[in-house]
Amino acid sequence: MAQRVQGTEDLYGDYMRAWQRMTDVARELFDAYGFDAIETPTLEQVDTFVHGIGESTDVVRKEMFRVVSGALFDDLLARGSEAHLKPRQRMAMRPEGTAGVVRAAVEHNLVPQGGAPAKLWYAGAMFRGERPQRGRLRQFHQVGVEWIGASDPAADAECVIVLMEYFRRLGFDSSTLRLTINSMGDGTCRPAYREAVRRFILDHADEMCEDCIERAALNPLRAFDCKNARCREVMEAAPKVDQALCDDCRLHYGQVKRYLDEAGIPYVEDPRLVRGLDYYTRTVFEVEVEGSGVGAIGGGGRYDGLMELEGGRPTPGIGFAVGFERIYLALQAQGVAMAGEGSGCVYVASMPDQRAAAFSATLALRNAGIRTEADYQGRSLKAQFKQANRLGARICVVLGPDEVAAGVATVRDMTSHEQVQVPLAELASHVAERLGA
Ligand code: AMP
């Protein structure tokens, strides 16, 4: 039997409905905040991620699924190197959404000089070659926003506010959400801070893991969230970014916090929150659900250098992404059914001689936007009623010889068992009214 790839999932039934609800809630909420939908390709040139996310990050070095066309594959194996490939031949499945959206903003000049910011939201599958475990998949789904062109700290605060409102609307108990924030500094203050952390790691090399020593050269800040508990313990004593911020970054961060206070959003400051991607500057944030054991359900931050890294003019930006699968697990743990009630349906039951009348009635109901089912297996009337119950039908429309002769249908309420006869011409409007009541 063919099997799905390890670390991937099929979305169907309630799980699929939950994903649809996640995107529906996002569309309504983000629209109110002025974000337009965007869909960028799942495949991008590797360079889009190398420039944006950073060559030294785990995501780019180890976790990206690389793609070459079948025609080039054998050649690639034979040569044992990709050095001969052109940039457009080196592709990857997107490991996150921001780099592609920012690439699109540059390519289509979505933030013209002196123009208004671009406010975009997306929903789709992301791919990372990770070791699959609970809440960590190789193909997972994110919903996110990117606000490109806004430097005001109010944009940072509004991103956090809309993120927390999103979680509230999905059904989370807000008191279980833990929002952590930090400022990672910018091009002025971060290089010196990175250097200080690098020196600290090298000074403590005998106490830290191989990965962290490697990180010292490439991406020292990542040592703060090493999976190794001993490394994290050692890093407790490392220099903290809050001491290293330049005046502009300190002012910006202070203003973000004032806006969050004003909006009544509780947060915890953690100077060790660094997040895994190189493009972040200044504000970063992450949300966890207490007791859920699934890690962060969402996070984001400011990326004022990213447009330039993708070949555009220097343009500030900020955004976040949330992960569907972890949200689903965390909501389940809180006893919240994310898919909500099924929409139910109307069932049209008929005898063989009235099949044509049932066919017309079914079409009329569907054309009125009512989810309608009927029998397509030649079952008895009794079996059709059973099937209607299994499908959760709220109303059953019965078409027997007497009804059809009189030009009416019997409309049966499956909960109250109340029955009325309705002229066939008024069937759809009558049923719609009942369902609306
Ligand atoms: P990141 O892009 O790493 O900041 O991730 C944003 C959100 O996506 C996280 O908070 C998670 O909810 C989700 N996420 C990231 N990686 C995975 C993964 N491998 N499997 C499932 N969800 C993930």
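Refer to the structure above for everything that follows.
Heads up: these notes are all about the structure in this document.

Secondary structure summary: the protein chain contains 16 helices and 16 strands in total. Along the longest, intermediate and shortest principal axes, the C-alpha atoms of the protein chain span 90 × 60 × 50 Å. When each of the 437 residues of the protein chain is scored for burial, the buried share is 48%. Look at the contacts in the protein chain between residues 6 or more apart in sequence, and 70% of them connect residues 24 or more apart. Approximately 21,500 Å² of the protein chain is accessible, and the part contributed by carbon and sulfur atoms is 49%.

Ordered by their spatial adjacency, five strands build an open sheet running β13-β12-β14-β15-β16, and the pairing between neighbours is mixed. Two strands lie at the open edges of the sheet, namely β13 (372–374) and β16 (419–423), each paired on one side alone. Between one strand and the next, the sheet's axes are offset by a mean angle of 30°, whatever the strand orientation. Examined bridge by bridge, strand β12 (residues 345–350) and β13 share three bridges and lie parallel to one another. By the bridge assignment, Tyr 347 is partnered in β13 with Glu 373.

The full set close to the ligand counts 14 residues, and Arg 128, Glu 130, Leu 137, Gln 142 and Arg 275 are the nearest of them. Interatomic distance of 2.8 Å between a backbone N/O atom of Leu 137 and a nitrogen atom of the ligand. Gly 298 places a main-chain nitrogen or oxygen 3.1 Å from an oxygen atom of the ligand. When the ligand sits alone it has 480 Å² of accessible area, and the protein chains cover 91% of it. Here the shell around the ligand gets three residues from one element, more than from any other, and that element is strand β10 (residues 296–302).

With that settled, consider the nonpolar core. Met 22, Phe 30, Tyr 166, Phe 167, Ile 297 and Ile 327 are the most contacted members of the largest nonpolar core, which has 101 residues in total. Residue contributions to this core peak at 10 residues, all from helix α6 (residues 153–170). Every residue in contact with Ile 297, bar those within four places of it in the chain, is listed here: Phe 167, Phe 172, Leu 177, Val 287, Val 289, Val 322, Gly 323, Arg 326, Ile 327 and Ala 330. Within the second largest apolar cluster, 17 residues are counted, among which are Ala 361, Leu 399, Val 422 and Leu 427.

Turning to the pattern of salt bridges, a few remarks are in order. Summed over all chains, the structure comprises 25 salt bridges. Two residues, Glu 165 and Arg 169, come together in a salt bridge whose shortest N-O distance is 2.8 Å. Of the two residues, Glu 165 and Arg 169 both sit in helix α6, four residues apart, roughly one turn of that helix. Judged by relative accessible area, which is 18%, Glu 165 ranks as buried. Each member of the salt-bridge network shares a partner with another, and the members are Asp 47, Arg 66, Glu 82 and Arg 90.

A few words now on the sheet that holds strand β2 (residues 43–45). Paired through backbone hydrogen bonds, the strands of a sheet run either parallel or antiparallel to each other. Strand order in the open sheet formed by three strands is β2-β4-β3, with antiparallel pairing between adjacent strands. Sheet topology places β2 and β3 (66–67) at the edges, where each strand pairs with a single neighbour. Note that β3 and strand β4 (residues 91–93) share two bridges and pair antiparallel. What sits directly across from Val 67, in β4, is Met 91. Here helix α2 (residues 46–53) sits on the sheet and contacts β2, β3 and β4; the angle it forms with β2, its principal contact strand, is near 70°.

For helix α7 (residues 190–203), with 14 residues, the first-to-last C-alpha span of 20 Å sits near the 20 Å given by 1.5 Å per residue. What α7 keeps buried is the set Arg 190, Tyr 193, Ala 196, Val 197, Phe 200 and Ile 201. Down the axis, α7 shows its buried residues gathered within 135° of arc, on one side only. More than 90 degrees from the buried face of α7, the exposed residues found are Ala 192 and Asp 203. Contact partners of the buried residues in α7: α8 (210–218), α9 (229–235) and β9 (281–289).

Counting buried positions along strand β14 (residues 393–399) gives six out of seven residues, so the element sits mostly inside the fold. By the bridge criterion, six bridges tie β12 to β14 in an arrangement that is parallel. Paired with Val 348 across the strands is Val 397, a residue of β14.

Cut-off values and rules
- Residues numbered from 1 in each chain as written.
- Predicted model: local features only at pLDDT ≥ 70, side-chain atom pairs only at ≥ 80, totals over all residues.
- Heavy atoms only, no water.
- Helix = DSSP H or I, 4+ residues; strand = E, 2+ residues; numbered from the N terminus.
- Buried < 20%, exposed > 50% of the residue type's maximum accessible area, 1.4 Å probe, protein only.
- Contact = heavy atoms within 4.5 Å.
- Areas by Shrake-Rupley, 256 points an atom, 1.4 Å probe, with all protein chains shown as cover.
- Pairing = 2+ DSSP bridges.
- Axes fitted to C-alpha atoms, helices over the stretch in contact; angles between N-to-C directions.
- Near = heavy atom within 4 Å.
- Polar contact = N/O pair within 3.5 Å; in protein donor to acceptor, adjacent residues only side chain to side chain.
- Core = buried A, V, L, I, M, F, W, Y, C linked by side-chain atoms within 4.5 Å.
- Salt bridge = Lys/Arg side-chain N within 4 Å of Asp/Glu carboxyl O.
- Expected span 1.5 Å × (residues − 1).
- Arc of directions from axis to C-beta.

Coordinates in, geometry out; function isn't part of it.
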